[in-house]
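Spelled out, the chains give:
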Amino acid sequence: MRRAAGIALWAAFLAPVALLLGWSFAWRWPWPAPLPERWQASAWTGLAATGGLGAAALRSLGIAGAVALVATSLGFVTSRSAVEARSGVALRWLLHLPFALSPVVLGVGLEYSFLRAGLAGHMVGVALAQGILAYAYAVILFCGLWNARTRAYLDGAATLGATPRQAWIRVLLPIARPLVVLCLVQTFLISWFDYALVLLIGEGRVATLTTSLYQFLLAGDLRLAAASGLILLLPPVIALAVRAQRRPPTFAGEWDL
Amino acid sequence: MVVWALVGGPMLLGVSFMAAYSLGLAGLLAHGLSFTAWAAVLRDRVTWISLGFSLWVGAASLGASIVGALLVLALRPAAAMAGEAVGVTPWFLPIAVPPMVAGLTAVLWLGNAGELARWAYALGWIRRPAEFPSPLYSRDGLGIIVTQTALVLPFLVVLFGRLARLHRVGELVEAARTLGASPVGAWRRVGTPLVLRAAAPTLGVYFLALSGAFEIPLLVGASYPTMLSIRVVQLFGQFDLSTRPQAYAVALLYTLVVAACSAIVLRARPRAARSEGA
């Protein structure tokens, strides 16, 4: 029974992906046909041939990779000060605010300053704006690391003569490794999924996969939109596949601060 | 201190600029202190309709997701982890879907010429696309609510499942039943309050995030009424630059509402944690 429920669930959740695949390989899919009249791979070969979309995919990858690396590194190093801060409730509020607030509002607020700084309409500006969200998330996540057990390990290492640097590299990093991997993946996805900040800070001059998908949809080309959507699904699906192999840390650390 | 600077700095910069621009003190249209933009925004019925519509969509999406997730847990607790034989529960899958792709999928499934409409035609229920009762682009926001619920409900199933295990809800529900509670009563009076109390801060932040959603309302929302995020972009992106101060005023108004609501939500958390520990 549980196996049947599992299969039914997988089928329900994979049906939208199947529809995207169908549209991306459809040659013609007129109303009211439930399936395409003919199949072809032109959307995919078109994607490969269209330099714009390949460049958009690479740009998305580059921005998301940079955001993930910088946010995770900074979040890891500075999270301890967040845990030890006296103004715990206020800091927790500040860290959650970028998520509670619409990215549109964040983008509108930052756009003019970024314009004056020469960052608007540039990949670096988009990455910096997304970095605010990603960094806040990283700090929230790493705050779960600084529990009594981790402190006891660090104190033990210090008692045994380890320098602070040795304690970080030989004790803290191995403990934190699963969280670091999780943080890298999640902050990558925060950037990879983003559309609003790319639109507002990028000012239409930074084309990523999300903006390309919207353009295809506006133009009525559902085949290219579906193909772009499937490319957008790739990294998170790969992350889930990796998760299936190696269990990440419990959720508790992710939500506690 | 670094955390305050890296997150608070840009937020403060953004808020200060929105305030200055909307009051005529900064930006291209700065001509000295003026409350014209604020007066126009506060008098405009569309502002309040957009704010109300945003809160309605956020509440309805979250409410439907909470009810759905609690039903999954109450009816078949094992269902929350169903499919884990392959290493990862399928409930995780929608978490991997970007909002832009979710909107596209909603268009392809639920649109007037979408897959469901095609099946309805094949079954003889409709003859034209216009006859299909698509929830997309409706003025009550049903398309946005359905799409957001499809993304959030699976996440809540996973979250509630983990919280239920953490707080031993299954054992407490069993204990309530041995004391004479009905299955529904045990879940309603014991399981549901425990899970909801533990998840309250996350749900509060989620409600605000859903109310400020952008991509899904952009793809499947009606042209009127619009969510506040769409309203801000509409005012911000017009060729007529004179609406920009109003865009900043609406954005700042929303920021103040969200800041106040999130402060209330997050202040409530330590109290809940204390009572759990007691």
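Predicted model, so just to flag it, every value in this text is computed and none were measured. (Residues numbered from 1 in each chain as written. Chains lettered and ligands numbered in written order. Predicted model: local features only at pLDDT ≥ 70, side-chain atom pairs only at ≥ 80, totals over all residues. Heavy atoms only, no water.)

Quick notes on the nonpolar core
Inside soluble globular proteins, nonpolar side chains tend to come together where they are buried. Convention followed: Remark: nonpolar core denotes a set of buried residues (Ala, Val, Leu, Ile, Met, Phe, Trp, Tyr, Cys) joined through side-chain atoms within 4.5 Å. Any residue under 20% of the maximum accessible area for its type is buried, any over 50% is exposed, and the rest in between are partly exposed; the area is computed with a 1.4 Å probe on protein chains only. Pairs of residues are marked as contacts when any of their non-hydrogen atoms sit within 4.5 Å.
Residues Leu20, Leu95, Val104, Val108 and Trp192 of chain A together with Val220 and Tyr248 of chain B are the most contacted members of the largest nonpolar core, which totals 118 residues. With sequence-adjacent residues up to four places away left out, valine 220 of chain B is seen in contact with Gly103, Ala106, Val107, Leu136, Tyr137, Gly143, Ile144 and Thr147 of chain B. Judged by nonpolar contacts, the second largest core, of 33 residues, contains Leu240 of chain A together with Leu73, Ala96 and Val158 of chain B.

Description of the interface of chain B and chain A
A common way to express how large an interface is: the accessible area buried when the components associate. The test is simple: As used here, buried area is the combined drop in accessible area, with a 1.4 Å probe, of two parts when they are placed together. Side-chain atoms alone can form a polar contact between residues adjacent in sequence; in general such a contact is a pair of N or O atoms within 3.5 Å, and within protein one must be able to donate a hydrogen while the other accepts it. Only DSSP runs of H or I with at least four residues qualify as helices, and only runs of E with at least two residues qualify as strands; both kinds are numbered from the N terminus onward. Any residue outside Ala, Val, Leu, Ile, Met, Phe, Trp, Tyr, Cys, Pro, Asp, Glu, Lys and Arg is labelled polar, Gly included; the first ten of those are nonpolar and the last four are charged.
Facing the 82 residues of chain B at the interface are 76 residues of chain A. Both faces considered, chain B and chain A share a buried interface measuring about 7,100 Å² in area, 78% of it formed by carbon and sulfur atoms. Put simply, chain B and chain A have seven residue pairs in polar contact (both at pLDDT 80 or more) between them. For the side of chain B that touches chain A, the secondary structure elements donating two or more residues are helix 1 (2-22), helix 4 (99-110), helix 5 (115-122), helix 6 (142-166), helix 8 (183-211), helix 9 (215-220), helix 10 (228-236) and helix 11 (244-277) of chain B. In terms of residue count, helix 11 of chain B provides more of the side of chain B that touches chain A than any other element does, 13 residues in total. Split by residue class, the side of chain B that touches chain A holds 59 nonpolar, 13 polar and 10 charged.

Description of the packing of helix 4 of chain B against helix 6 of chain B
Residue and element names in this part refer to chain B. Our working rule: Only the stretch in contact is used when a helix axis is fitted, and all axes are lines through C-alpha atoms; the angle between N-to-C directions ranges over 0 to 180 degrees. The scheme is simple: roughly parallel for angles under 35 degrees, roughly antiparallel for over 145, roughly perpendicular for 65 to 115, oblique for anything else. Less than a right angle of anticlockwise turn of the near helix away from the far helix marks a crossing as left-handed, whereas a clockwise turn marks it as right-handed.
Helix 6 packs onto helix 4 with a crossing angle of 125° between their chain directions and a minimal axis gap of 10 Å. The angle between helix 4 and helix 6 places the two elements in the oblique class. Regarding helix 4 and helix 6, the two cross each other, and that crossing is right-handed. Of the residues in helix 6, those in contact with Pro99, Ala102, Gly103, Ala106 and Leu110 of helix 4 are Val146, Thr147 and Leu151.

Digging into the side chain of aspartate 194 of chain A
Residues and elements named next belong to chain A. The criterion, for reference: Counted charges follow a simple rule, with Lys and Arg positive, Asp and Glu negative, and His plus the chain ends left uncounted. When a carboxyl oxygen of Asp or Glu lies within 4 Å of a side-chain nitrogen of Lys or Arg, that pair is called a salt bridge.
Mapped onto the elements of the fold, aspartate 194 is located in the loop between helix 8 (164-193) and helix 9 (196-202). Despite its burial, aspartate 194 pairs with no opposite charge, the nearest such side chain being arginine 59 at 13 Å. Side-chain polar atoms of aspartate 194 contact the side chain of glutamine 130, separated by 2.9 Å. Among the polar contacts listed, one links the side chain of aspartate 194 to the backbone nitrogen of valine 198, at a separation of 3.2 Å.

Quick word on the environment of leucine 58 of chain A
Tracing the sequence through the fold places leucine 58 of chain A in helix 3 (residues 51-84). When the C-alpha atoms of leucine 58 of chain A and threonine 208 of chain A are compared, they prove to be 8.2 Å apart, with 150 residues separating the residues in sequence.

With respect to helix 7 (residues 148-159) of chain A
Since there are 3.6 residues in each turn of an α-helix, residues three or four apart along the chain are aligned in direction. In plain terms, the rule: By this rule the span expected of a helix is its residue count minus one, scaled by 1.5 Å.
The end-to-end C-alpha distance of helix 7 of chain A is 16 Å, a good match for the 16 Å that 12 residues give at a rise of 1.5 Å each. Glycine 161 of chain A, located one to two residues past helix 7 of chain A, shows a positive phi value of around 105°.

Observations regarding unusual backbone geometry
Cis geometry is adopted by the peptide bond preceding proline 32 of chain A, which originates at tryptophan 31 of chain A and carries an omega value of 0°. Tracing the backbone through its elements, the reader meets proline 32 of chain A in the loop between strand 1 (26-28) and strand 2 (38-39). In this chain, tyrosine 224 of chain B is followed by proline 225 of chain B through a cis amide linkage whose omega measures -5°. Position of proline 225 of chain B among the secondary structure elements: in the loop between helix 9 and helix 10. Backbone geometry at arginine 168 of chain B places phi at a positive 50°, although glycine is not the residue there. Positionally, arginine 168 of chain B belongs in the loop between helix 6 and helix 7 (169-178).

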